[in-house]
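These are the residues of each chain, in order.
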Amino acid sequence: SKFIALQILEKLIQTKWKILDEEPRNGIKNFSLNLIVELASSEESLRQNRVFLSKLNLVLVQILKQDWPQKWPDFIPDIVATSRTNLALCENNMAILKLLSEEVFDFSAEQMTQAKAKALKTQMCGEFSSIYSLCMEILQKAVQPSLILATLETLLRFLSWIPFGFIFEMDLINNLCTRFLQPPITRNVTIKCLTEIGSLECGNEYQEQLVNMFTMAVGGLHEILGDLGNVSEEWDEYDDDQQEFIQNVAIFLTSFLSSHLRLVETSASRASVIQAHQYVLRISQVDERELFKVCLEYWNVLVRGMYEDSRTSSFNAPSGLLNLGSNAGANGASMSADLRRQMYSGILTGVRYVMISRMARPEEVLIVENDEGEIVREFIKETDTITLYKAERECLIYLTHLDPKDMENIMVEKLNRQMDGSEWSWSNLNKLCWAIGSISGSMSEDQERRVLVIIIKDLLSLCELKRGKDNKAVVASNIMYVVGQYPRFLKAHWKFLKTVANKLFEFMHELHEGVRDMACDTFVTIAQKCRRHFIAHQPGEASPFVDEIIANAESITSDLMPQQVNRFCEAVGYLISAQLNTQTQAMLISGLMKPYNDEWNSLVQKVGENINVLEDLNVVKQLGNILRVNVSACGAVGKGFISQVGNIYIDMLGLYKAVSEIISSCVARDGAIATKYANVRAMRTIKKEALRL
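First things first, this report covers the structure right here in the doc. Throughout this document, residue positions are counted from 1 along each chain, in the order its sequence is written. The model is predicted, so local features are restricted to residues of pLDDT at least 70 and side-chain atom pairs to those at 80 or more, both for listing and for counting; the totals for chains, interfaces and linings are taken over all residues. In computing side-chain values, all of the structure's heavy atoms are included and hydrogens and water are not.

Quick word on the overall build of the protein chain
In this description a helix means any DSSP run of H or I spanning at least four residues, a strand means any run of E spanning at least two, and both kinds are numbered starting from the N terminus. Across its full length, the protein chain carries 35 helices and two strands. In this description the radius of gyration comes from C-alpha coordinates, and the expected globular size is given by 2.2 Å times residues to the power 0.38. For a compact globule of 693 residues, the expected C-alpha radius of gyration is about 26 Å, and the protein chain comes in at 35 Å, more than 25% above that figure. C-alpha atoms of the protein chain, sized along the principal axes, occupy 100 × 80 × 45 Å. Only protein chains enter the calculation, and the probe is 1.4 Å; a residue is then buried if its accessible area is under 20% of its type maximum, exposed if over 50%, and partly exposed in between. A buried classification covers 50% of the 693 residues belonging to the protein chain. Whether two residues are in contact is decided by their heavy atoms: any pair within 4.5 Å suffices. Nonlocal contacts in the protein chain, meaning residues at least 24 apart in sequence, comprise 73% of its contacts between residues at least 6 apart. Accessible surface is estimated by sampling points in the Shrake-Rupley manner with a 1.4 Å probe; for residues, cover comes only from the protein chains shown. Accessible surface, the protein chain as shown: approximately 32,500 Å² in total, 52% of it carbon and sulfur. Of the side chains in the protein chain, 71 bear a positive and 85 a negative charge, and the two mean positions are spaced by 4 Å. We treat Lys and Arg as the positive residues and Asp and Glu as the negative residues; His and chain ends play no part in the count. Note on charges: their place is set at NZ of Lys, CZ of Arg, CG of Asp or CD of Glu.

Observations concerning the packing of aromatic side chains
Two rings from Phe, Tyr or Trp (for Trp, the six-membered ring) form a pair when their centres are within 6.5 Å of each other. A pair whose planes differ by under 30 degrees is stacked, one over 60 is edge-to-face, and the rest are tilted. Applying the stated criterion across every chain yields a total of 25 aromatic pairs. Between Y307 and Y398, the aromatic rings sit 5.3 Å apart at their centres with planes inclined by 45 degrees, giving tilted as the arrangement. With Y307 in helix α18 (residues 289–316) and Y398 in helix α21 (residues 384–402), this pair connects stretches of sequence that are 91 residues apart. When sorted by exposure, Y307 lands in the same class as Y398, which is buried. In textbook terms, an aromatic cluster arises when at least three aromatic residues are bridged by ring pairs, as seen for F105, F128, Y132, F158, W161 and F166. Comment: the charge-over-ring label is applied if NZ (Lys) or CZ (Arg) is within 6 Å of the ring centre and within 35 degrees of the ring normal. Of note, R358 hangs over the ring of F292, and the distance from its end group to the ring centre comes to 4.3 Å.

Observations regarding the packing of helix α14 (residues 207–225) against helix α17 (residues 270–284)
Here α14 crosses α17 at 50 degrees, and the two axes come no closer than 10 Å. Looking at the two axes, α14 sits oblique to α17. For the crossing formed where α14 meets α17, the hand is left-handed. Facing F214, T215, V218, L221, H222 and L225 of α14, the residues of α17 in contact are S272, V273, Q275, A276 and Y279. Classifying every residue of the contact of α14 with α17 by side-chain character gives seven nonpolar, four polar and no charged. Lines fitted to C-alpha atoms define the axes here, with helix axes fitted over just the stretch in contact, and angles between the N-to-C directions of these axes take values from 0 to 180 degrees. Comment on the angle field: the value is read as roughly parallel under 35 degrees, roughly antiparallel over 145, roughly perpendicular from 65 to 115, and oblique elsewhere. Helix crossings fall into two classes, left-handed where the near helix is turned counterclockwise from the far one by less than a right angle and right-handed where it is turned clockwise. Nonpolar residues are Ala, Val, Leu, Ile, Met, Phe, Trp, Tyr, Cys and Pro. Charged residues are Asp, Glu, Lys and Arg, and all others, Gly as well, are polar.

So, a negative patch on the surface
For patch detection, residues must exceed 30% relative accessible area and be free of salt bridges, and they are connected within 9 Å for like charges or within 5 Å for nonpolar side chains (Val, Leu, Ile, Met, Phe, Trp, Tyr). The term salt bridge refers to a side-chain nitrogen of Lys or Arg lying within 4 Å of a carboxyl oxygen of Asp or Glu. Judged by side-chain charge, E233, E234, D236, E237 and D287 come together as a negatively charged surface patch. Here D287 lies in the loop between α17 and α18. Its relative accessible area of 65% is what places D287 among the exposed residues.

Quick notes on the side chain of T195
Mapping T195 onto the fold places it in helix α13 (residues 184–198). Discounting chain neighbours no more than four positions away, the residues touching T195 are N248, I251, F252 and S255.

Overview of helix α10 (residues 145–158)
One less than the residue count of a helix, multiplied by 1.5 Å, gives the span that helix is expected to have. Look at α10: 20 Å from first C-alpha to last across 14 residues, which is about the 20 Å you get at 1.5 Å a residue. Among the residues of α10, those classed as buried are L147, I148, A150, T151, L152, T154, L155, L156 and F158. Packed against the buried residues of α10 are α6 (87–106), α8 (114–126), α9 (128–141), α12 (172–180) and α13.

Observations regarding the environment of R531
Tracing the backbone shows R531 in helix α28 (residues 513–535). The partly exposed category is assigned to R531, whose relative accessible area is 26%. Distance from R531 to A578, taken between C-alpha atoms, is 6.1 Å for residues 47 residues apart in sequence. Setting aside anything within four residues of it in sequence, one finds R531 in contact with I526, Y574, L575, S577 and A578.

What follows is the structure in structure tokens.
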């Protein structure tokens, strides 16, 4: 009942305070104050009534938002004075000040007018010196952990808005780093305070203090954490406070380095900068996705900056050697691109290993039931995993540009560990191959050719080495994926491209359905990227390869499921779209669609002779599949497909009308449940695909 009463009181203050007379307002204010003083008068009472006091404090802050400073000018002096009389009351007063700061500076936009918010902010800043003095007095003299913690949490809320002089010209930073970073009870809130200070936009005036803070913080972290070498193995054994501290350390280091990296590179010790990056690298290895995303964001900032530096220096300097002496710490100039690359070479090698071992899946495929009750694969364009993959791919591309040889060595080494079994697993191989595919185009053509030949040879050997249908299927899928990601290599080597295509056609007969899916998907990828090479008349060939594919299409697709046949026809459609001669293109379309047209004509003729044929579910599904093939091929070919549409257009309209009438009669007879019948769902597929076409 107390909490319900406080909720009603809070609502009254928020909405009806101004219409109350002065006497009841003073009565409510005095009652709230007296009750707070009574409940917070002793340590025991404070602990017992903490939840109730929190709500009561919030009620008091609502009154302050209405009356302070005009009708309650002495509030800040009063709260500072009462804080010096009683430790328990002081702790609660810190909670009130924290709430007031949050309400005025963080949440004011939604709850009060701009003029009112501005007046409160001005008043708070004007009276802050007495609050700051109280906080510093507590931090220097208090020994009670809960009071120190409450004061630090209150300071954390103040740091975003107080004048910079209180932060950088007093002893606050020194106290935080030397006294409160070590004890377990205060380390989490302390590192949050340092993060807030590091994110302030304070110009060039306080650069020296920021560098000192960074140096002291990294030194303090080294005393607590050591080199953090086993954090990834021990993570699950950490308690909640330890895990939170590691997360807060990651946020502090990544946000500070993102904002002030050039400053600490030139003004802080090299050991501190490297140590900070070592911590971020170690934390990146922890199997915790959100934590990894924090680190990944910083790695992208670092490698993008280094890549842009190297581009700028190569444009501006006649020789990289001339840059070696340009690291001028004394005059504040930033470090040269070459020196930065040397300084971070060990760190970046570690980042390459981490990115490969943590690589996300490049596309998400769900197995779902469609409207017609069929089980189909559905590609998802935007998910958290795909966003993560894109960020990792960007990072790996920059890392490859910065040192392609190191990237090559790491990938070959990781692949060798798959071969010797020391790191063999489906997951590890998948991640490695996704990483290999992600850096396509970021090496020179010669190096890319050499690396890709080594990788494909090793993957083929791995396929031979592994026993078991599933193991071979995983390796085969990865070979197809890697090959499909390197169109530049394929375009430059026609015989290899043709061999790859023929190998894909072989995989389309594999008993393992996942391999058939991967073969069809890879064929689509290659067809999109290398289409001109398939329709060109290559040296030593009797005819363009697309002619051969179309001639053998029926045997190639003989073991494929209907959805896989659609993917195959889509891929051939992309090849046909590259043929610019209209007549030749029409002939290719006719060749591809001939078996489907023959089947279509046969089925339509049967329907024309006897409409009851449409009661056969298999006939309806065959007609729907043929329309789907047309839709897939049409989407890939484009406007040239009009010649094929003309072949089936009139029959398609007649079929559309016929199935519409059957569906309507079924629904009229049986009601809404008729839409769930298998034959009705199959007929709706015909209608939907006809409209799509």
